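Residue strings, one per chain:
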Amino acid sequence: MSLMVVSMACVGFFLVQRACPHMGGQDKPFLSAWPSAVVPRGGHVTLRCHYRGGFNNFMLYKEDRIHVPIFHGRIFQESFKMSPVTPAHAGTYTCRGSHPHSPTGWSAPSNPVVIMVTGNHRKPSLLAHPGPVVKSGERVILQCWSDIMFEHFFLQTEEISKDPLCLVGQIHDGVSKANFSIGPMTPALAGTYRCYGSIPHSPYEWSASSDPLDIVITGLYEKPSLSAQPGPTVQAGENVTLSCSSRRSFYMYHLSREGEARECRLPAVPKVNGTFQADFPLGPVTHGGTYRCFGSFPEPPYVWSNSSDPLLVSVTGNPSNNWPSPTEPSSKSGNPRHLHVLIGISVVKIPFTILLFFLLHRWCSNKKNAAVMDQEPAGNRTVNREDSDEQDPQEVSYA
């Protein structure tokens, strides 16, 4: 079975109930929401009440406790546009169309349509396990989680005709999460997914959308070839270009590196040898890795070819050995700026050392002379002290 195996039985409410216009009576109209019943806060949605009998006038009814005064007793023609949408607009709607053959003049109630308003809480996160690139026939787990204790999680694709899927959140390690099992993978299940969360007692007021997650199916076309120029083994800092090519007229090539979620894409260019090729310049490489490439067509964009054979790009040599960091000293080569500082310090230190030696020598000589004068008669000592006082300014000036 190629449908998503996801429980739609969420506790407390039934998300969306679809019905055909003719079911439940010939005078029952059909209510629809355009472009989608999931509406961002501040956005717009148009409600249309259809009836095969062709009446144009209808009335809207809101079936929950939050009353919107604008609907009370008001008659609309063909459609009604709600803008800007607020949390008060979230809820379940039905309509009745004017019917000349009804005793009351109005038809039976239409099918219910639930309007979900998003953007009322912080967005959750959406992850794919084991990854967003899935082989045909395999399964993938889309995990929606948040540190907000959401009661329900909802998973939606970009196809507005599909109802969102709902699961009850499970609390583990302080986070609330839900695992949506998708598969076996078919082209119909590939596409862009988003998830939302809702808190208890407000099932129609959803969080902001998670970041979009593209789920890709592979294995439906033959594999392209992947090569490296100048080769798969290069020196560190050398420029490398990876070329993905095939004789099949792919529109786009996708290059992925093992261990990284992101992928690079380039349009295929026809070559004179009859192949279609895209060249991915990696630039000066410093680290190796294993690469693969895929081919795809414009429609459907999320259906890729088989993976090319893996290509291991090896990098030899360490660029840090030849190119030391300006902020880190190297044992093999010195920094010129540091060398200039060392030379300047040496030039200052040598004459300073000579000068200090000279002053110490003079100071020792003066001490020796003072000791000799202390042994002379008092008169001579007086004269010598005066001479010493007269010589001090000269010595200081000389120094």
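In the annotation of an unreviewed UniProt entry, the entry for the protein chain reads KIR3DS1, and the organism field reads Pongo abelii. Per UniProt, the protein chain has the following entry under Sequence similarities (unreviewed entry): "Belongs to the immunoglobulin superfamily."

Peer 1: Can you walk me through the overall build of the protein chain in this structure?
Peer 2: Broken down by element type, the protein chain carries three helices and 26 strands. The buried share of the protein chain, taken over its 399 residues, is 36%. For the protein chain, contacts bridging at least 24 residues in sequence account for 66% of all contacts bridging at least 6. For the protein chain, the exposed area adds up to about 23400 Å²; of that, 57% sits on carbon and sulfur atoms.

Peer 1: Explanation requested: the side chain of T92 in the structure shown.
Peer 2: Tracing the backbone shows T92 in strand β7 (residues 91-97). Under the relative-accessibility criterion, T92 is labelled buried at 12%. Of the polar contacts made by the side chain of T92, one reaches the side chain of Y204; its length is 3.5 Å.

Peer 1: What exactly am I supposed to notice about the pairing of β7 here?
Peer 2: Moving residue by residue along a regular strand, the side chains alternate between the two faces of the sheet. Here β7 lies mainly inside the structure; six of its seven residues are buried. Sheet topology places strand β4 (residues 57-62) next to β7; five bridges connect them, and they run antiparallel. Looking at the pairing, L60 lines up with C95 of β7.

Peer 1: Just checking my understanding: could you explain the sheet that holds β4 for this structure?
Peer 2: Adjacent strands of a sheet pair through backbone hydrogen bonds, lying either parallel or antiparallel. The strand order across the open sheet formed by five strands is β2-β8-β7-β4-β5, and the pairing between neighbours is mixed. Each edge of the sheet is formed by a strand with only one pairing partner; in this case those strands are β2 (38-40) and β5 (75-77). Each adjacent strand pair in this sheet contributes to an overall mean axis angle of 40 degrees, direction not counted.

Peer 1: Could you clarify how one ought to interpret the state of the cysteines in this entry?
Peer 2: Simply put, the disulfide is a covalent bond whose two ends are the sulfur atoms of two cysteines. A full pass over the atoms with the stated rule returns three disulfides. Paired by a disulfide, C49 and C95 hold their sulfur atoms 2.0 Å apart. Since a negative S-S torsion denotes a left-handed disulfide, the C49-C95 link at about 75 degrees is right-handed. Residue C49 is found in strand β3 (residues 45-50), and its partner C95 is found in strand β7; the two are separated by 46 residues along the sequence. Residue C49 shares its accessibility class with C95, and that shared class is buried. Disulfide pairing is shown between C144 and C195; the S-S distance is 2.0 Å. Between C144 and C195, the S-S torsion sits near 75 degrees, and that sign places the bridge as right-handed. Of this pair, C144 sits in strand β11 (residues 140-146) while C195 sits in strand β16 (residues 191-198); the two residues are 51 residues apart in sequence, bridging distant segments of the chain.

Peer 1: It is not clear to me how the nonpolar core should be interpreted in this structure. Could you clarify?
Peer 2: A general feature of soluble globular proteins is that nonpolar side chains tend to end up buried together. By size, the foremost hydrophobic cluster in this structure holds 42 residues, and its most contacted members are L142, L155, F180, I182 and L242. Setting aside residues up to four positions removed in sequence, L142 forms contacts with L126, L127, A128, L155, A178, N179, F180, I182, Y193, L213 and I215. V38, L47, F58 and V113 belong to the second largest nonpolar core, which has 26 residues in total.

Peer 1: Quick question: what am I supposed to make of the packing of aromatic side chains here?
Peer 2: Given two aromatic rings, their pairing is described by the distance between the two centres and the angle made by the two planes. As enumerated under the stated definition, the model contains 10 aromatic pairs in all. Plain terms: the ring middles of F150 and F153 are 5.8 Å apart, the flat faces sit at 85 degrees to each other, and that makes the pair edge-to-face. The class of F153 is buried, set by a relative accessible area of 0%. Taken together, a centroid distance of 5.8 Å and an interplanar angle of 70 degrees make the contact between F250 and Y253 edge-to-face. Summarising the burial analysis for this pair, F250 and Y253 share the class buried.

Peer 1: How should I be thinking about the sheet that holds strand β20 (residues 239-246) in this particular structure?
Peer 2: The strand order across the open sheet built from four strands is β18-β20-β24-β23, with neighbouring strands paired in antiparallel fashion. Whereas interior strands pair on both sides, the edge strands pair on one side only; in this sheet they are β18 (225-229) and β23 (269-270). Here two bridges tie β23 to strand β24 (residues 276-284), and the two strands are oriented antiparallel to one another. The residue bridging V269 from the neighbouring strand is Q277, located in β24.

Peer 1: I'm lost on the confidence of the model for the protein chain in this one. Help?
Peer 2: Caution is warranted with low-pLDDT regions, since their predicted coordinates should not be read in detail. Here the protein chain averages 78 in pLDDT, and 69% of its residues register 70 or above. Low pLDDT, under 50, characterises residues 11-25; the stretch is placed with 24 contacts to residues that sit more than four places away or in other chains. This model gives residues 367-399 a pLDDT under 50, and the stretch forms 10 contacts once residues within four places in sequence are excluded.

Peer 1: When you look at the environment of D211 in this model, what are you seeing that I'm missing?
Peer 2: Structurally, the position occupied by D211 is in the loop between β16 and β17 (213-218). C-alpha separation for the pair D211 and Y193, spaced 18 residues apart in sequence, amounts to 8.7 Å. In this structure the side chain of D211 is engaged in a polar contact, spanning 2.7 Å, whose partner is the side chain of K123.

Peer 1: Is there a simple way to think about the pattern of salt bridges in this case?
Peer 2: Proximity of charged atoms lets side chains of opposite charge pair with each other. Using the criterion set out here, one finds nine salt bridges in the structure. The salt bridge partner of E158 is R194, with a shortest N-O separation of 3.5 Å. Of this pair, E158 sits in the loop between β12 (152-157) and β13 (165-168) while R194 sits in strand β16, and the two are 36 residues apart along the sequence. Judged by relative accessible area, R194 falls into the partly exposed class, the value being 27%. Of the charged contacts, one joins E260 and R262 as a salt bridge, the two residues approaching to 3.8 Å between their closest N and O atoms. The network of salt bridges with shared partners includes R257, E260 and R262.

Cut-offs applied
Residues numbered from 1 in each chain as written. Predicted model: local features only at pLDDT ≥ 70, side-chain atom pairs only at ≥ 80, totals over all residues. Heavy atoms only, no water. UniProt positions renumbered as here; feature names shortened; annotations may be inferred. Helix = DSSP H or I, 4+ residues; strand = E, 2+ residues; numbered from the N terminus. Buried < 20%, exposed > 50% of the residue type's maximum accessible area, 1.4 Å probe, protein only. Contact = heavy atoms within 4.5 Å. Areas by Shrake-Rupley, 256 points an atom, 1.4 Å probe, with all protein chains shown as cover. Polar contact = N/O pair within 3.5 Å; in protein donor to acceptor, adjacent residues only side chain to side chain. Pairing = 2+ DSSP bridges. Axes fitted to C-alpha atoms, helices over the stretch in contact; angles between N-to-C directions. Disulfide = S-S within 2.5 Å. Core = buried A, V, L, I, M, F, W, Y, C linked by side-chain atoms within 4.5 Å. Phe/Tyr/Trp six-rings, centres within 6.5 Å; stacked < 30°, edge-to-face > 60°. pLDDT = per-residue confidence, 0-100. Salt bridge = Lys/Arg side-chain N within 4 Å of Asp/Glu carboxyl O.

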